[in-house]
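Each chain, written out:
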Amino acid sequence: YRNAIFKLRQQQTTYIQQRDATKLFELEHGILDILAQLVTLLLQSGHAEKGIAIYQSLLEFNLFQPNFSGPGEYDFDDKVGLLEPIWTSGCPRVGEVGALGWQEELRRAEQPGLDESREQEQER
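Residues numbered from 1 in each chain as written. Predicted model: local features only at pLDDT ≥ 70, side-chain atom pairs only at ≥ 80, totals over all residues. Heavy atoms only, no water.

## Section: the overall build of the protein chain
Broken down by element type, the protein chain carries six helices and zero strands. Taken from N to C terminus, the helices and strands of the protein chain fall in the order α-α-α-α-α-α. When burial is assessed residue by residue, the protein chain has 27% of its 124 residues classed as buried. Across the protein chain, the fraction of contacts at a sequence separation of at least 24, relative to all contacts at a separation of at least 6, is 40%. For the protein chain, the accessible area works out to roughly 9,100 Å², and carbon and sulfur atoms hold 52% of it. (Helix = DSSP H or I, 4+ residues; strand = E, 2+ residues; numbered from the N terminus. Buried < 20%, exposed > 50% of the residue type's maximum accessible area, 1.4 Å probe, protein only. Contact = heavy atoms within 4.5 Å. Areas by Shrake-Rupley, 256 points an atom, 1.4 Å probe, with all protein chains shown as cover.)

Quick look at the structure:
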């Protein structure tokens, strides 16, 4: 699965540079189909947490990412690099009680003292 997605991501870069929206759309649907097959395999083989985590990460990455407008450009790998420490921090994720989303978690990580206020909110 990893190799297939890696190869499709390479092709994705080509389609982005060529500005071929139709082929890009079809390719991205292919990537989603492969991920859906992977999640099905994980669920059927007793690895439900991993399957759920894949969908949670897709939702976080696509729906709750910080606003990356401004100077400089962030590519896919840059964004993944920013999501990774938040993802591994143990904070609640999409679908879990207390989940705030990647953007809010990144903001909190950059501002000390917000973790204490969060713990106080959760105790209420």
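Having seen the structure, we can now continue with the description.
## Side note on the pattern of salt bridges
Counted according to the given criterion, the structure contains two salt bridges. A salt bridge links Glu104 to Arg107; its shortest N-O distance comes to 2.4 Å. Separated by three residues within a single helix, Glu104 and Arg107 lie in helix 5 (residues 102-110), roughly one turn from each other. In this structure Arg107 comes out as partly exposed when scored by relative accessible area, which is 35%. Salt-bridge contacts for Arg108 lead to Glu104; the nearest nitrogen and oxygen are separated by 3.4 Å. (Salt bridge = Lys/Arg side-chain N within 4 Å of Asp/Glu carboxyl O.)

## Looking at the packing of aromatic side chains
A complete count under the given rule lists two aromatic pairs for this structure. By way of ring pairs, the aromatic residues Phe61, Phe76 and Trp102 are connected into one cluster. The ring of Phe76 has Arg9 lying over it, and the distance from NZ or CZ to the ring centre is 3.7 Å. A cation sits over an aromatic face here: Arg93 above Trp87, 3.8 Å from the ring centre. (Phe/Tyr/Trp six-rings, centres within 6.5 Å; stacked < 30°, edge-to-face > 60°. Lys NZ or Arg CZ within 6 Å of the ring centre and 35° of its normal.)

## Quick notes on the packing of helix 2 (residues 21-44) against helix 3 (residues 48-63)
Axis separation between helix 2 and helix 3 bottoms out at 7 Å; the angle between their running directions is 155°. Considering the angle they form, helix 2 stands roughly antiparallel to helix 3. Once helix 2 is placed against helix 3, the crossing between them reads as left-handed. Across from Leu35, Ala36, Leu38, Val39, Leu42 and Leu43 in helix 2, the residues of helix 3 making contact are Ala48, Lys50, Gly51, Ile54, Tyr55 and Leu58. Looking at the contact of helix 2 with helix 3 residue by residue, the classes come out as ten nonpolar, one polar and one charged. (Axes fitted to C-alpha atoms, helices over the stretch in contact; angles between N-to-C directions. Parallel < 35°, antiparallel > 145°, perpendicular 65-115°, else oblique. Left-handed = near helix turned anticlockwise from the far one by under 90°. Nonpolar A, V, L, I, M, F, W, Y, C, P; charged D, E, K, R; others polar.)

## A short note on a nonpolar patch on the surface
Together, Leu59, Leu63 and Phe64 make up a nonpolar patch on the protein surface, roughly 270 Å² of accessible area in all. By the secondary structure assignment, Leu63 is in helix 3. By relative accessible area, which is 57% here, Leu63 ends up exposed. (Patch = residues over 30% accessible without salt bridge, like charges linked within 9 Å, V, L, I, M, F, W, Y side chains within 5 Å.)

## Structural notes on the nonpolar core
Listed in full, the eight residues of the largest apolar core are Ile5, Ile31, Ile34, Leu35, Leu38, Val39, Leu42 and Ile54. Ranked by residue count, the leading element in this core is helix 2, at six residues. Apart from residues lying up to four places away in sequence, Leu35 is in contact with Ile5, Ile54 and Leu58. (Core = buried A, V, L, I, M, F, W, Y, C linked by side-chain atoms within 4.5 Å.)

## Let's talk about the side chain of Gln56
Within the secondary structure layout, Gln56 lies in helix 3. Taking relative accessible area as the criterion, Gln56 reaches 9% and is therefore assigned buried. Within the local environment of Gln56, its side chain forms a polar contact with the backbone oxygen of Val94, the two atoms lying 2.8 Å apart. In this structure Gln56 touches Trp87, Arg93, Val94 and Glu96, once residues within four positions along its chain are discounted. (Polar contact = N/O pair within 3.5 Å; in protein donor to acceptor, adjacent residues only side chain to side chain.)

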